[in-house]
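Understanding the architecture of this molecule
Each chain is listed here by its residues.
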Amino acid sequence: MAKVNDKPFLEYLLNFLTGQAIDKVILSVGYKREMIQDYFGDHYKHIPITYAIETEPLGTGGGILNAFDQVEGDSAFALNGDSMFRIDLQAMQHLHIKTNADLTMALRYLEDTSRFGTVLVNFTNRVIGFFEKKEDSMPGLINGGIYLINKKFLVSGKFGKKFSIEKDCFEKCYKESGIYGYPAKGYFLDIGIPEDYMTAQDEFKRFDD
């Protein structure tokens with residue numbers, strides 16, 4: 001709900017999804033969830049909205065797993081709530097199906113990955129390694145915060161109720177599971193630090209309706 005030009009950041013994400021053939025949004029909410037529920041209600045433009053409520057902190061993975069209780073199909077996209085990565089979700093889905101992936105993550109090339117860490121893929125785009133963030137600036141692919149996840153993979157029971165999607169799923173499962181990357185060149189911004197939050201105030205003007 002952080003304001004960008006007097007609109008919640010989440011509203012920009014939902015605007016992005018309206019042009020991506022998305023037919024339902026499940027918002028994972030917890031502390032002060034009423035602020036989100038009261039603002040967005042049960043739909044945004046033509047997209048129905050439901051809420052997956054965390055009564056206790058479940059971690060990034062547990063929150064997604066909790067939301068998957070409401071997923072009716074075989075797979076669903078999951079998006080970080082504090083970053084914008086404007087990619088073609090249908091093209092990402094095409095790669096996911098073509099590779100028969102368990103999970104596909106959107107990747108963004110950056111000249112400076114020091115804040116994020118890097119993801120290594122092979123020639124088929126299968127993930128083959130993760131590298132922790134370092135103070136030294138170096139180019140590479142970063143996790144862009146958009147995932148397409150097979151429901152059967154996530155609800156298999158191997159992760160438990162509370163877990164980190166990054167540490168307990170990606171980094172522990174990439175060797176034996178089909179985790180693929182989808183490198184894309186779309187606009188990317190993570191508002192997790194004050195400097196980039198201020199950048200959003202100017203750059204997001206292009207995304208206003």
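Now for a quick tour of the structure. Given the structure is predicted, the values throughout are model-derived calculations rather than measurements.

1. Concerning the overall build of the chain
- When helices and strands are counted, the chain shows seven helices and 13 strands.
- The globule rule puts the C-alpha radius of gyration for 209 residues at 17 Å, and the 17 Å found for the chain is close to it.
- Seen along its three principal axes, the alpha-carbon backbone of the chain occupies a region of about 45 × 40 × 30 Å.
- Within the span of the chain, comprising 209 residues, buried residues form 47% of the whole.
- Relative to all contacts within the chain whose residues are 6 or more apart in sequence, the contacts with residues 24 or more apart total 71%.
- Taken as a whole, the chain presents about 11,200 Å² of accessible surface, with 51% of it coming from carbon and sulfur.

2. Describing the side chain of H96
- Mapping H96 onto the fold places it in helix 4 (residues 89–98).
- Residue classification places H96 among the buried residues on the basis of a relative accessible area of 5%.
- A polar contact of 2.7 Å, which involves the side chain of H96, links it to the side chain of N150.
- Setting aside residues no more than four positions away along its own chain, H96 makes contact with A101, D102, L103, T104, L148 and N150.

3. Description of the sheet that holds strand 4 (residues 43–44)
- Taken in spatial order, the three strands line up as 3-5-4 in an open sheet, and their pairing is mixed. Among the strands making up the open sheet, the edge pair consists of strand 3 (25–29) and strand 4.
- The sheet contact formed by strand 4 and strand 5 (residues 47–53) spans two bridges and is antiparallel. When the sheet's bridge partners are listed, H43 is paired in strand 5 with P48.

4. As for a nonpolar patch on the surface
- Taken together, the side chains of M1, M35 and Y39 present a nonpolar region at the surface, about 290 Å² in accessible area.
- Among the secondary structure elements, M35 is positioned in helix 2 (residues 33–40).

5. As for the pattern of salt bridges
- Using the criterion set out here, one finds seven salt bridges in the structure.
- E56 is paired through a salt bridge with K161; the nearest N and O atoms lie 3.2 Å apart. Taken as a pair, E56 in the loop between strand 5 and helix 3 (59–67) and K161 in the loop between helix 5 (151–154) and helix 6 (165–173) lie far apart in primary sequence, 105 residues in all.
- The class for E56 is partly exposed, based on a relative accessible area of 29%.
- The partner of R115 in a salt bridge is D190, with the nearest N and O atoms 3.0 Å apart.

6. Things to note about the packing of aromatic side chains
- Going through the model one piece at a time under the given rule, you end up with 14 aromatic pairs.
- Pairing Y39 with F40 gives two aromatic rings, centres 4.8 Å apart and planes at 70°, and the pair type is edge-to-face.
- Owing to a relative accessible area of 43%, Y39 belongs among the partly exposed residues under this scheme.
- Overall, F40 belongs to the buried group, its relative accessible area being 6%.
- Residues F85 and F188 carry aromatic rings whose centres are separated by 5.6 Å and whose planes lie at 85° to one another, so their mutual orientation is edge-to-face. Residue F85 is found in strand 7 (residues 83–85), and its partner F188 is found in strand 13 (residues 188–190); the two are separated by 103 residues along the sequence. The pair formed by F85 and F188 is uniform in burial state, with each residue classed as buried.
- One cation-aromatic arrangement involves K7 over Y12; the distance from NZ or CZ to the ring centre is 4.7 Å.
- It is R86 that lies over the ring of F207; its NZ or CZ is 4.1 Å from the centre.

7. Some details on the pairing of strand 3
- Burial along strand 3 is one-sided: the residues V25, L27 and V29 are buried and none of I26 and S28 is.
- Bridge analysis of strand 3 against strand 5 gives five bridges, and the strand direction is parallel. The residue of strand 5 that forms the bridge with L27 is Y51.

8. Quick look at the layout of surface pockets
- Quantified by volume, the largest pocket comes out at close to 1,500 Å³.
- In terms of lining, the largest pocket is formed by 49 residues, of which the most central are I26, L27, F77, A78 and L79.
- Of all the elements in the fold, those that place two or more residues in the lining of the largest pocket are helix 1 (9–18), strand 3, helix 3, strand 6 (75–79), helix 4, strand 11 (140–150) and helix 6.
- When the residues that make up the lining of the largest pocket are grouped by side-chain class, the tally is 30 nonpolar, 13 polar and six charged.
- Size it by volume and the second largest pocket reaches roughly 600 Å³.
- Together, 25 residues line the second largest pocket, and R115, F116, G117, N143 and E166 are the ones closest to its centre.
- For the lining of the second largest pocket, the elements supplying multiple residues, two or more each, are strand 9 (118–121), strand 10 (127–131), strand 11, helix 6 and strand 13.
- The greatest single-element share of the lining of the second largest pocket, amounting to five residues, is contributed by strand 11.

Reading the values: the criteria
- Residues numbered from 1 in each chain as written.
- Predicted model: local features only at pLDDT ≥ 70, side-chain atom pairs only at ≥ 80, totals over all residues.
- Heavy atoms only, no water.
- Helix = DSSP H or I, 4+ residues; strand = E, 2+ residues; numbered from the N terminus.
- Rg over C-alpha atoms; globule rule 2.2 N^0.38 Å.
- Buried < 20%, exposed > 50% of the residue type's maximum accessible area, 1.4 Å probe, protein only.
- Contact = heavy atoms within 4.5 Å.
- Areas by Shrake-Rupley, 256 points an atom, 1.4 Å probe, with all protein chains shown as cover.
- Polar contact = N/O pair within 3.5 Å; in protein donor to acceptor, adjacent residues only side chain to side chain.
- Pairing = 2+ DSSP bridges.
- Patch = residues over 30% accessible without salt bridge, like charges linked within 9 Å, V, L, I, M, F, W, Y side chains within 5 Å.
- Salt bridge = Lys/Arg side-chain N within 4 Å of Asp/Glu carboxyl O.
- Phe/Tyr/Trp six-rings, centres within 6.5 Å; stacked < 30°, edge-to-face > 60°.
- Lys NZ or Arg CZ within 6 Å of the ring centre and 35° of its normal.
- 1 Å grid on protein atoms, 1.4 Å probe; cavity = no way out; pocket = protein on both sides within 12 Å on 5 of 7 lines; lining within 4 Å.
- Points joined across faces, edges and corners; volume = space filled by probe spheres on them.
- Nonpolar A, V, L, I, M, F, W, Y, C, P; charged D, E, K, R; others polar.

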